[in-house]
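One-letter residues, chain by chain:
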Amino acid sequence: MGRSVSELCFLWSVVMLVMIALPIASTTASSTSSQGDLLVSRIAFGSCANQSAPQPIWNAIIDFDPQIFIWLGDNIYGDIRRPFKLFGKERTIGPWKNVPRFIPSSEQEMQSRYKKIKTDPGYSRLLENTKVIGTWDDHDYGLNDAGKEFNGKITSQRLLLDFLDEPQDSPRRKQAGVYTSYTFGPVGRQIKVILLDTRYHRDPLISDGTILGNSQWTWLESELQGPASALTIIGSSIQVISNLSAITGPIFYLECWGRFPKERERLFKLIADSKRDGVFFISGDVHFGEITRYDCATGYPLFDVTASGITQAVEKAVPPPLNYIVRFVAWLAPTTMRPFGEDMSRGFHFTDFKGDWLSLGQPNFGAIKIDWDATPVTMTMEVRDVNGFPVLSVNTSLLELQAQSIGALFKIKPREYRRHCSLEVTLPWIVRHRLAILFFSALASKFS
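**Focus: the state of the cysteines**
Overall, the coordinates contain one disulfide when judged by the stated rule. Two residues share a disulfide in this structure: Cys296 and Cys421, whose sulfurs sit 2.0 Å from each other. Taking the sign of the torsion about the S-S bond as the criterion, the disulfide between Cys296 and Cys421, at about 80 degrees, is right-handed. Of the two residues, Cys296 sits in the loop between strand 12 (290–294) and strand 13 (302–306) while Cys421 sits in the loop between strand 18 (390–397) and helix 11 (429–432), which places them 125 residues apart along the sequence. Each member of the pair, Cys296 as well as Cys421, is classed as buried.

Written out as structure tokens, the structure is:
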């Protein structure tokens, strides 16, 4: 039956009203989403959540009352870990190793592990009032330390996006990788969140090849050169600023951007060339919390706030009496990038609330607080413990995150040492390798 002109006009009016009432959100083919005019002042983030372990930290995250929560990878532990075996039929370590220590699990098992996290009572409560976004790392990608060679990545991408409730028609489901970006808040007070994919296109660890791949680099350049925002948060599953492998090797190595020096230099140059103010990093992966700072990249300090993990933490991996040894090793590590003490000339203040801790080896999450009403606008970046206590914290203002705010500190002479500028690989040999010297000396005395 045909409808009258008046009926059609009425139906059109209803459709328009519904469209206006819906939250403003647009998605383009570049996996970029705009989230309307909601002013965002509290963001939480975390990583490394073993679905089989208790997760009491969600209570502290909920008490922080974030408007956004960002997963930074290892959102589940989806691969299968075999035990350490030096001898026997299946040897997972040592010179006679004949089987890999980690193997992928089935699609059904991955789905089951995601369901276990998603139905956790604490996480379910967070979902009720908080927008959740995220990227992945190796264990939810499907295999420990895996990169572009992993043949299960297409399935893993679908499972992650299902977990994050990504719309079925999202361009993110059609691209090679899970990288994406979001813009929150009204003009003048916008926060841009860029989430990188450090797995799908990554070359082998010892190659100094690419982390992001050509298509993601092109996309990232477009994102950084796009409309300005008050703050730009770049989420990387692995640490960007810190390169602990340079000082822990050859005892052990950690994944980080520092193991791909050409890629990290390209990232820093891209940020500097974009002339984008207010950029900082958040990261996960390493099973401890840390805040690091690098002054010699963009003309203003680049911070990297590492929150790892929701359940996994280095001090939980050893008996409690040995925790003090873990803390001593962390203190002894000769890093040039951790801010501590008070730098009155810059206005940055690092507060170590628990004595001399420079990192947090217990379960933790990251927290960002922005005071938009302050003049100038101020921001606090924190690593909080399972009780919500801010163990590590840096306070700064948006004025301090503008190009040339550090003036002469942007330049450093060859072989000159300067905190927050000298990379770990440039430290004197005996300083850089003092952990290895201590370790092998202790080992030698034990067997002498």
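**Describing the pairing of strand 9 (residues 191–195)**
Side-chain positions along a regular strand alternate between the two faces of the sheet. When you tally the buried positions in strand 9, you get five out of five residues, the bulk of the element. Because side chains alternate across strand 9, one face comprises the buried residues Ile191, Val193 and Leu195, and the other comprises Lys192 and Ile194, equally buried. Both strand 8 (residues 180–184) and strand 9 contribute to a ladder of five bridges, which runs antiparallel. Directly across from Phe184, in strand 9, lies its bridge partner Ile191. Taken together, strand 8 and the strand that follows it, strand 9, pair antiparallel across an intervening segment of six residues, in which Gly185 is found at a positive phi of about 100 degrees. Bridge count between strand 9 and strand 10 (residues 231–236): five bridges; the pairing is parallel. In the sheet register, Leu195 faces strand 10, and the bridge partner there is Gly235. You can see the chain leave strand 9, run along helix 7 (residues 214–224) and come back into strand 10, and the turn it takes is right-handed.

**Points about the packing of aromatic side chains**
All chains considered together, the criterion is met by 17 aromatic pairs. On the numbers, 4.9 Å between centres and 70 degrees between planes, the contact of Trp136 with Tyr141 is edge-to-face. Under the relative-accessibility criterion, Tyr141 is labelled buried at 0%. Here the aromatic cluster, defined as three or more aromatic residues joined through ring pairs, consists of Trp58, Phe69, Trp71, Tyr114, Tyr123 and Phe163. Sitting above the plane of the Phe64 ring, Arg42 keeps its charged end 4.2 Å from the centroid. In this arrangement the basic side chain of Arg101 is found over the ring face of Phe84, its NZ or CZ atom lying 3.6 Å from the centre.

**Focus on unusual backbone geometry**
Leaving glycine aside, a negative phi is the common case for residues, and trans is the common case for peptide bonds. Along the chain, Ser308 connects to Gly309 via a cis peptide bond; the corresponding omega equals 0 degrees. Locating Gly309 in the fold gives a position in the loop between strand 13 and helix 10 (323–332). In the Ramachandran plot, Asp165 falls in the positive-phi region, its phi being about 60 degrees despite a non-glycine side chain. If you trace the backbone, Asp165 turns up in the loop between helix 6 (153–163) and strand 8. Phi at Asp208 takes a positive value of approximately 50 degrees, unusual for a residue other than glycine. Owing to a relative accessible area of 24%, Asp208 belongs among the partly exposed residues under this scheme.

**What to know about a nonpolar patch on the surface**
Residues Leu322, Ile325, Phe328, Val329, Trp331 and Leu438 make up a contiguous nonpolar surface patch of about 560 Å² in total accessible area. Residue contributions to the nonpolar patch peak at four residues, all from helix 10. Here Leu322 lies in the loop between strand 13 and helix 10.

**As for the environment of Asp63**
Along the polypeptide, Asp63 turns up in helix 2 (residues 57–64). Linking Asp63 and Asn387, residues 324 residues apart in sequence, is a C-alpha distance of 9.5 Å.

**Points about the pairing of strand 4 (residues 68–72)**
Along strand 4, five of the five residues are buried, which leaves the element largely enclosed by surrounding structure. Of the two faces of strand 4, the one holding Ile68, Ile70 and Leu72 and the one holding Phe69 and Trp71 are both buried throughout. Pairing geometry for strand 3 (residues 42–46) and strand 4, over four bridges, is parallel. The residue of strand 4 that forms the bridge with Phe45 is Ile70. The handedness of the strand 3 to strand 4 crossover, carried by helix 2, is right-handed. Note that strand 4 and strand 7 (residues 131–135) share five bridges and pair parallel. Its bridge partner being in strand 7, Phe69 is matched across the sheet by Val132.

**Side note on the nonpolar core**
Ile70 and Leu220 are the most contacted members of the largest nonpolar core, which totals 62 residues. Aside from chain neighbours lying at most four places away, what touches Leu220 is Ile194, Leu196, Leu212, Leu267 and Leu270. Listed in part, the 32 residues of the second largest apolar core include Ala49, Met110, Ile117 and Ala367.

**Quick notes on the pattern of salt bridges**
Following the criterion strictly, the structure yields 15 salt bridges and no others. Arg113 serves as the salt-bridge partner of Glu109, at 2.8 Å between the closest nitrogen and oxygen. In this pair, Glu109 and Arg113 are both assigned in helix 3 (residues 107–118), four residues apart and thus about one turn of the helix distant. According to the relative accessible area criterion, Arg113 is buried, its value standing at 15%. Residue Asp137 pairs with Arg199 through a salt bridge whose shortest N-O separation is 2.9 Å. Residue Asp137 is located in the loop between strand 7 and helix 5 (138–141), and its partner Arg199 is located in the loop between strand 9 and helix 7; the two are separated by 62 residues in the primary sequence. Residue Asp137 is classed as buried on the basis of its relative accessible area of 0%.

The rules behind the values
- Residues numbered from 1 in each chain as written.
- Predicted model: local features only at pLDDT ≥ 70, side-chain atom pairs only at ≥ 80, totals over all residues.
- Heavy atoms only, no water.
- Disulfide = S-S within 2.5 Å.
- Helix = DSSP H or I, 4+ residues; strand = E, 2+ residues; numbered from the N terminus.
- Buried < 20%, exposed > 50% of the residue type's maximum accessible area, 1.4 Å probe, protein only.
- Pairing = 2+ DSSP bridges.
- Right-handed = clockwise from strand over helix to strand, strands pointing away.
- Phe/Tyr/Trp six-rings, centres within 6.5 Å; stacked < 30°, edge-to-face > 60°.
- Lys NZ or Arg CZ within 6 Å of the ring centre and 35° of its normal.
- Patch = residues over 30% accessible without salt bridge, like charges linked within 9 Å, V, L, I, M, F, W, Y side chains within 5 Å.
- Areas by Shrake-Rupley, 256 points an atom, 1.4 Å probe, with all protein chains shown as cover.
- Salt bridge = Lys/Arg side-chain N within 4 Å of Asp/Glu carboxyl O.
- Core = buried A, V, L, I, M, F, W, Y, C linked by side-chain atoms within 4.5 Å.
- Contact = heavy atoms within 4.5 Å.

Fair warning: the whole summary comes from geometry, so function is off the table for now.
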